[in-house]
Amino acid sequence: MTSSAQPPQAEGPGPASQQSAAPTANSMRRALKRARDGVALDVAEAAVLLQARGDDLDDLTASAARVRDAGLDAAGRPGIITYSKSVFIPLTRLCRDKCHYCTFVTVPGKLRRAGHGMFMSPDEVLDIARKGAGLGCKEALITLGDKPEDRWPEAREWLDAHGYDDTIAYVRAMSIRILEETGLLPHLNPGVLSWTDFQRLKPVAPSMGMMLETTATRLWSEPGGPHYGSPDKEPAVRLRVLEDAGRSSVPFTSGLLIGIGETYEERADSLFALRRVSRSYHGIQELIIQNFRAKPDTAMRGMPDAELDDLVATVAVARHIMGPAACLQAPPNLVAGEYGRLIGAGIDDWGGVSPVTIDHVNPERPWPQIDELADRSREVGFSLRERLCIYPEFVQRGEPWLDPRLLPHVRALADPETGLADESAEVRGLPWQEPDEGFTASGRTDLHHTIDTEGRTGDRREDFDSVYGDWGALREAAAPGMVPSRIDADVRQALTVAADDPTKLTDAEALALLHADGEALDALCRVADDVRKSVVGNDVTYIVTRNINFTNVCYTGCRFCAFAQRRTDADAYTLSLSQVADRAEQAWDVGAVEVCMQGGIHPDLPGTAYFDIARAVKERVPGMHVHAFSPMEVVNGATRTGMSIREWLTEAKAAGLDSIPGTAAEILDDEVRWILTKGKLPTATWIEVVTTAHELGIRSSSTMMYGHVDQPRHWLGHFRTLARIQQAALSNNVAGFTEFVTLPFIHTNAPVYLAGIARPGPTARDNRAVTAMARLLLHPHIPNIQTSWVKLGTEGAAEMLRSGANDLGGTLMEETISRMAGSSYGSYKSVKDLIAVADAAGRPSRPRTTLYGEVPQERVRAAHASDGHLPELLPVVGD
């Protein structure tokens, strides 16, 4: 199980002091001086300082306290130490892990004999929460074991019997009831979470947590280690959770469990790992330093407790490593009243303290009385103040760290000046619901055409320095991809294989061709064009379509995206449903067969908004094909509604969704993906969305955005992934992808370029090589390869038609995403324009439907009559 704002227990081969060589006097003096002088420490120096004792420890804690005090002064709360008045709700004590120090976790038989269910019932949960509310508590700390249904059939049976798909669904449901019926704010500790789990839980909890505990992999991997046999305690897994929390803008609590057998070097490494995550995402709201206490009836019952000096030194070193802005906590019930020493070492928080419930993780150690805590803090010059489970900095940051559905609950309990708790606030239930605004037209709704005449207001959004994470940390991560590496391979042999049978290209041969240049590149494009001709013929296809981007308000933090805006930015806008329907009707009148609808992840739009959009178009124009909602939007809709991806897509299809764009793919490699975007869905989730859509008969396109921080090896991996998905679909008689679309990176206004991290888009060589290799590596599974005129222009698109592409995409009629990024090729093409591009490539052209079928003659005549674009006198926006 995991715990975040409360103490765990532990095990290990022996105390750290028994496993690390004692530092020399010179190394200790040098490290102490660097700490006093405020010089950044390295891992070796931190390991030395962790062993400070006596006068050296006094020196270390004094400098740590000064760092802490500087941070409190900067935060506007000098001399304040905080705590959270909470109740502890052990939702289930079942767990799939087997930590050797834990007494919290039990087994189904013991629960039955004690007369307990596998999970606490809703009545039991709400009874505790109501008692807490009655005594002025404001936090409901929900702690439980990791994924108990994966180990215990009894847990799975309980969830099934009560109508929950998994434990996370029950956590979400109880969090909503606590908010609505008691007013307490849930702080969730459900253990290891996936990126999707964070999206499911963020709307119902202001904060979450999970102890890192340690980065010492051997304590997990070696028999006899405290975490051996516990899949959720693998350090790499837990670090991924911390990163996903940051990507999801979830205020997150983490920390260390010391004295479980780690060396001082391993403990220092753990602190630096936490600092790296905190620096990258600015999302770790507090760090708990927790000392191991041996428990009877556990495998580690004979292990000595972590000593107080060890705890004090670790707190002080953590303060130096994490810096003045960090919030550091040590559980007061585990230190035998030595409160002054912990304050002197640099803590600024006591964690959750409950007047109602025991500490279920350390039941033998009762919480101190709040009055006693206040008195003991006052003795060393600190005033005790109550905070909420979400720290004041995050209360004041607001979006994207706090979901709009939680704002009323947090505001009801927070002091608006400080972000701390309003101790006089009435704790009462409030409705948990979507914001009232919904689809209200606002902002620059004419951006779709004024982007061409007036341009954008500025080259970046106002929160440029915060919404994307830490640019410095990102530069370090992106450095390997800044200049694509070259390889030494036999290009001629690879060309021979490609011409004979492209399906037999090895990865090494494919990579050689992706690097081809000069005459070799010309030969590659000829081979690709020959394959194109044999598969789809000479016709260049295009579609009469209209893009409708219904909002550009978004806080996901995609670093390549110049389209997304804060709701208060000058270029931000949201369309009403009637405006969306008006634009679809206008498109139908000029011959369109499709509308392509995508938007930002607007925090105020409910998960059902997408159904409303599809329904509005179908009601106004029943014959229009609705090609809408990227995989990111699908996940957003599903998690906001509490539905599974399959359930949500089924509902969307019933509302009128016909197919989905395969955008949000960027590069299907998380190494690149987490540089390009802070909070977008990971590769595995993108694959889950498109494959589920295909199984439901909802076809999709596929895409790749390239030319930023990627390398040709990433392009190869992307192509192989798409081919595998399509092969699997076709083997199951599922149609799958309609086409592959090349999306060259537009750099001009892209944040990741403005920050000096990305390349200035792909070269002409890159474009030709990617197009040609898409034709070869996706053959014969995806027969249609589309080039993007809006990103490449007329001449560039014609060149791609000579390099293996067969499709020009659509008329678009309005295009704001690439234009906001700085594309200079306009926001629409007429039918004649698209025919001219095909002519330039020396090829005939014809219109198509979304699914590459024949266009009805009535639609063809309408498109030719209007030339496929909107007359200037036709109203563009209606109320």
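Cut-off values and rules
Residues numbered from 1 in each chain as written. Predicted model: local features only at pLDDT ≥ 70, side-chain atom pairs only at ≥ 80, totals over all residues. Heavy atoms only, no water. Helix = DSSP H or I, 4+ residues; strand = E, 2+ residues; numbered from the N terminus. Buried < 20%, exposed > 50% of the residue type's maximum accessible area, 1.4 Å probe, protein only. Contact = heavy atoms within 4.5 Å. Phe/Tyr/Trp six-rings, centres within 6.5 Å; stacked < 30°, edge-to-face > 60°. Disulfide = S-S within 2.5 Å. Polar contact = N/O pair within 3.5 Å; in protein donor to acceptor, adjacent residues only side chain to side chain. Axes fitted to C-alpha atoms, helices over the stretch in contact; angles between N-to-C directions. Parallel < 35°, antiparallel > 145°, perpendicular 65-115°, else oblique. Left-handed = near helix turned anticlockwise from the far one by under 90°. Nonpolar A, V, L, I, M, F, W, Y, C, P; charged D, E, K, R; others polar. Salt bridge = Lys/Arg side-chain N within 4 Å of Asp/Glu carboxyl O. Pairing = 2+ DSSP bridges. Right-handed = clockwise from strand over helix to strand, strands pointing away. Core = buried A, V, L, I, M, F, W, Y, C linked by side-chain atoms within 4.5 Å. Expected span 1.5 Å × (residues − 1). Lys, Arg positive; Asp, Glu negative; His and termini not counted.

### Describing the overall build of the protein chain
A tally of regular secondary structure across the protein chain gives 34 helices and 21 strands. Buried positions account for 64% of the 879 residues belonging to the protein chain. A fraction of 79% describes how many contacts in the protein chain between residues 6 or more apart in sequence connect residues 24 or more apart.

### Quick look at the packing of aromatic side chains
Taken as a whole and assessed by the stated rule, the structure comprises 16 aromatic pairs. Ring geometry for Tyr339 against Trp350: centres 5.4 Å apart, planes inclined by 75 degrees, an arrangement best described as edge-to-face. Of this pair, Tyr339 sits in helix H13 (residues 339-345) while Trp350 is found in strand S8 (residues 349-353), placing the two residues eleven residues apart along the sequence. Across the pair, exposure class does not vary: Tyr339 and Trp350 are buried alike. Arranged with centres 5.4 Å apart and planes meeting at 70 degrees, the rings of Phe719 and Phe740 form a pair that is edge-to-face. Here the residue Phe719 occupies a position in helix H28 (residues 712-731), and Phe740 occupies one in strand S18 (residues 737-744), the gap between them amounting to 21 residues.

### Things to note about the state of the cysteines
One way to say it: the disulfide is the covalent bond shared by the sulfur atoms of two cysteines. Overall, the coordinates contain zero disulfides when judged by the stated rule. Here Cys102 stays unpaired: no disulfide links it, and the sulfur of Cys99, its closest cysteine neighbor, is 6.2 Å away.

### Some thoughts on the environment of Arg267
For Arg267, the position within the fold is in helix H11 (residues 264-281). With 53 residues separating them in the primary sequence, Arg267 and Thr214 have C-alpha atoms 6.7 Å apart. Of the polar contacts made by the side chain of Arg267, one reaches the side chain of Asp310; its length is 3.0 Å.

### Here's the deal with the environment of Gly224
In this structure, Gly224 sits in the loop between helix H9 (218-221) and helix H10 (235-247). Sequence spacing of Gly224 and Met300 is 76 residues, and the spatial spacing of their C-alpha atoms is 9.8 Å.

### Brief notes about the packing of helix H22 (residues 577-589) against helix H23 (residues 609-620)
It is the contact of H22 with H23, at a shortest axis distance of 9 Å, that shows an interaxial angle of 45 degrees. The orientation of H22 relative to H23 falls into the category oblique. The interaxial crossing formed by H22 with H23 has right-handed handedness. Contacts between H22 and H23 pair Leu577, Ser578, Val580, Ala581, Asp582, Ala584 and Glu585 from the former with Asp612, Ile613, Ala616, Val617 and Arg620 from the latter. Partitioning the contact of H22 with H23 into residue classes produces seven nonpolar, one polar and four charged.

### Looking at the environment of Glu647
Along the chain, Glu647 turns up in helix H25 (residues 645-655). Along the primary structure Glu647 and Thr692 are separated by 45 residues, whereas in three dimensions their C-alpha atoms are 10.0 Å apart. A polar side-chain atom of Glu647 sits 2.9 Å from the main-chain amide nitrogen of Ser644.

### Here we look at the pattern of salt bridges
Throughout the structure, instances matching the rule amount to 54 salt bridges. For Glu799, the salt bridge is made with Arg768, and the minimal N-O distance between the two is 3.4 Å. One end of the pair, Glu799, is in helix H31 (residues 789-801); the other, Arg768, is in helix H30 (residues 764-777), and 31 residues separate them in sequence. The class for Glu799 is partly exposed, based on a relative accessible area of 25%. Taking the relative accessible area as the measure of exposure, Arg768 reaches 17% and is therefore buried. The network of salt bridges with shared partners includes Arg53, Glu262, Arg267 and Asp310.

### Section: the pairing of strand S12 (residues 545-549)
Every other side chain in a regular strand lies on the same face of the sheet, so the side chains alternate between the two faces. Where burial is concerned, most of S12 is hidden: five out of the five residues are buried. On S12, burial covers both faces: Thr545, Asn547 and Asn549 on one face and Arg546 and Ile548 on the other are all buried. The pairing of S12 with strand S14 (residues 594-598) spans five bridges and is parallel. Within S14, the position partnered with Asn549 by the bridge is Gln598.

### A few points about the pairing of strand S6 (residues 284-291)
For S6, the buried fraction is high: eight of the eight residues fall into the buried class. Here seven bridges tie strand S5 (residues 252-258) to S6, and the two strands are oriented parallel to one another. Looking across to S6, one finds that Phe252 is bridged to Ile284. In the classification by handedness, the crossover that spans S5, the intervening H11 and the parallel S6 is right-handed. Examined bridge by bridge, S6 and strand S7 (residues 328-329) share two bridges and lie parallel to one another. Along S7, the bridge assignment pairs Leu287 with Leu328.

### As for the nonpolar core
The tendency in soluble globular proteins is for nonpolar side chains to be buried as a group. Counting residues in hydrophobic clusters, the biggest one holds 129 residues, and the most contacted among them are Met597, Phe629, Trp686, Phe719 and Met773. Ignoring anything within four residues of it in the chain, the contact list for Trp686 reads Pro631, Gly662, Thr663, Ala664, Ala665, Leu668, Arg673, Leu681, Leu722, Ile725 and Phe737.

### With respect to unusual backbone geometry
Residue Pro400 follows Glu399 across a cis peptide bond; omega there is 5 degrees. You can see Pro400 is positioned in the loop between helix H15 (392-397) and helix H16 (407-413). Of note, the bond from His779 into Pro780 is cis; its omega dihedral lies within 30 degrees of zero at -5 degrees. Relative to the elements of secondary structure, Pro780 occurs in the loop between H30 and strand S19 (785-786). Although it is not a glycine, Glu666 sits at a positive phi angle of roughly 50 degrees. Mapped onto the secondary structure, Glu666 falls in the loop between strand S16 (659-660) and helix H26 (670-676). The phi dihedral of Asn733 falls on the positive side, at around 60 degrees, and the residue is not glycine.

### Quick look at helix H3 (residues 55-75)
An ideal rise of 1.5 Å per residue puts 30 Å on 21 residues; H3 measures up with 30 Å between its terminal C-alpha atoms. Buried residues of H3: Leu57, Leu60, Thr61, Ser63, Ala64, Ala65, Val67, Arg68, Gly71 and Leu72, and no others. Where H3 is buried, its residues contact helix H1 (25-36), helix H2 (43-49), strand S1 (80-92), helix H12 (308-322) and H13.

### Observations concerning the side chain of Thr556
As for its placement among the helices and strands, Thr556 is situated in the loop between S12 and strand S13 (573-574). If we ignore the near neighbours within four places in the chain, the residues touching Thr556 are Ile601, Met632, Lys678, Gly679 and Lys680.

### Quick look at the packing of helix H24 (residues 631-641) against H25
Look at H24 against H25: their axes get within 9 Å of each other, and the N-to-C directions meet at 105 degrees. Taken together, the axis directions place H24 and H25 in an arrangement best described as roughly perpendicular. Contacts between H24 and H25 involve Val634, Val635, Gly637, Ala638 and Thr641 from the former and Ile645, Trp648 and Leu649 from the latter. For the contact of H24 with H25, the residue count by class is six nonpolar, two polar and no charged.

### Here we look at the side chain of Glu509
Within the secondary structure layout, Glu509 lies in helix H20 (residues 507-514). Here Glu509 sits buried without a salt bridge, and the closest side chain of opposite charge, Arg720, lies 7.3 Å off (N-O distance). A polar contact of 3.0 Å, which involves the side chain of Glu509, links it to the backbone nitrogen of Thr506. Setting aside anything within four residues of it in sequence, one finds Glu509 in contact with Gln493, Ala494, Val497 and Lys504.

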